[in-house]
Amino acid sequence: MTANAGANWAGVYSYRAPEVAEPRTVSELQSLVASSHRVRALGTRHSFNDIADTSGVLVSTLGLEPVCDIDPEAMTVTVSTGTRYGELAAQLQAAGFALHNMGSLPHISVGGACSTATHGSGVANGNLATAVSAVELVTAGGALEWIGREDAQFPASVVALGAFGVATRFVLDVEPTFEVRQDIYEGLSWQTLLDDPDAVLGAAYSVSVFTDWTGDRIPQVWLKTRFDGGSAAPGQFVGPDRAPEEFFDAVLSDDIDSIAGMQFDNLTERGSLGPWSLRLPHFRLDSTPSNGDEIQTEYFVARSDSTAALTAVRALSAEIAPHLLITELRTVAADDLWLSPAFERDSLAIHFTWRNQPDDVARLLPRIEEVLAPFEARPHWGKWFAMGHDTIAGLYPRLPGFRALALELDPQGVFGNDYLARTIGLGA
């Protein structure tokens, strides 16, 4: 075990846990959980808050024996929880398979992303957790349990925020490989977006809108167009009779190394057809993800409320812009996972990448949450937000059942922490 728990990937959160364990086998992990008073799982450290922290032992899942077993008949892959999505994607692509979705960062772990259900993009695409068909957990006392789609507790057990145990393996649905072309457009007017957000956000398999909330024009829109064969030209925008030039000042694509003025040398390739694994993410696996020295926040609202919600946030642009690096707008399809931010509603995600100015960000979050309150905005579980249990309880209709199940599976609160107490009312 190590005594210094270190910080998250961006260096803006320092873990308070007194020790970190790095088990190499599932049996080692079982013994560790059985002998510990408090345990939380730690993956690639891409959270910005204390969701993974504990007063006991942090258990790193990165050292567990790697697993990547593809079942071509079942069209599934069984993967170890500490595996980074970029690594999994490369192995699937080499075997002729694909995931239906990817996050903007391929650096995140399968366990962290699925346990929070907060990554992936596309109006018809569920988040990454919706690909899960089974999860293996080390539960309180060190028992090993598989929970599959056929089990009644499955919708609670995938997006469990670590409250049910330490996930060791996931079974994910896969499909035949496909190709994607990524194109960047600039000059979309805010009015066009607000007049018909579904048309803009549904213009390709995955769409990301980047803005700083100022001015009348949106700096960049990224269209990731799926091809299962056929032409590799950029997809038409907003229907078969309306071309991109009607909405944008220019098509940028292959010579751009920036997102709305932020310079990067780690973006995935634009302007050419390529495998899904190297086009759906924004950033390359072999480079530093995103900007680095930053704080992140994200809220999910019903896609039907997009115009009203964006208008409400835009009214705060003068307060937001001085502290913002960039905002990304994306969509995700509804699902039936109890604590998913997209539970039972097609959603718009409003993401903020903040400058590392914690006092200013902490001051702004209640203001943003206030204007988004009429739209029942749900926060990204692993990023900064101000709302506590009283507010969150009203956003998740299955939360009482989730808490009851957590108490049944873990009556001593081995997997509890301050975060779960503060956000969903489970004792620390």
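Residues numbered from 1 in each chain as written. Predicted model: local features only at pLDDT ≥ 70, side-chain atom pairs only at ≥ 80, totals over all residues. Heavy atoms only, no water.

For the protein chain, the name recorded in an unreviewed UniProt entry is FAD-binding protein, with Herbiconiux daphne as its organism.

S.K.: Please explain the sheet that holds strand β9 (residues 166–173) as it appears in this structure.
M.R.: Either a parallel or an antiparallel arrangement is found when strands of a sheet pair, and the pairing is made through backbone hydrogen bonds. In space, the 5 strands of this open sheet follow the order β4-β5-β9-β7-β8, with antiparallel pairing throughout. Pairing within the sheet leaves two strands with one partner each, and these edge strands are β4 (68–71) and β8 (144–148). Shown here is a sheet whose adjacent strand axes are inclined to one another by a mean of 15°, direction ignored. Bridge count for strand β7 (residues 132–138) against β8 is 5 bridges, and the pairing is antiparallel. Looking at β8, one finds that Glu136 is bridged to Trp146. Along the sheet, helix α2 (residues 85–94) makes contact with β4, β5 (76–80) and β9, crossing β4 at roughly 40°. (Pairing = 2+ DSSP bridges. Helix = DSSP H or I, 4+ residues; strand = E, 2+ residues; numbered from the N terminus. Axes fitted to C-alpha atoms, helices over the stretch in contact; angles between N-to-C directions. Contact = heavy atoms within 4.5 Å.)

S.K.: Would you mind showing me how to read the side chain of Asn49 here?
M.R.: Secondary-structure assignment places Asn49 in the loop between β2 (39–42) and β3 (57–60). Polar side-chain contacts of Asn49 include one of 3.0 Å to the backbone nitrogen of Ile51. Only 3.0 Å separates the side chain of Asn49 from the backbone oxygen of Trp381, close enough to count as a polar contact. Apart from residues lying up to four places away in sequence, Asn49 is in contact with Tyr13, Trp381, Gly382, Lys383, Phe385 and Tyr419. (Polar contact = N/O pair within 3.5 Å; in protein donor to acceptor, adjacent residues only side chain to side chain.)

S.K.: Help me understand the environment of Gly103, please; the structure alone is not making it clear to me.
M.R.: Along the polypeptide, Gly103 turns up in the loop between β6 (97–98) and α3 (110–116). Beyond its immediate sequence surroundings of up to four residues, Gly103 is in contact with His119, Gly120, Leu128, Leu280 and Pro281.

S.K.: Just checking my understanding: could you explain helix α11 (residues 399–409) for this structure?
M.R.: Of all the residues in α11, the buried ones are Leu399, Phe402, Leu405 and Ala406. Each buried residue of α11 sits inside an arc of 120° when the element is viewed along its axis, so together they form one side. Exposed residues pointing more than 90 degrees away from the buried face of α11 are listed as Leu407 and Glu408. The secondary structure elements touched by the buried residues of α11 are α4 (154–157), α10 (389–393) and α12 (418–424). (Buried < 20%, exposed > 50% of the residue type's maximum accessible area, 1.4 Å probe, protein only. Arc of directions from axis to C-beta.)

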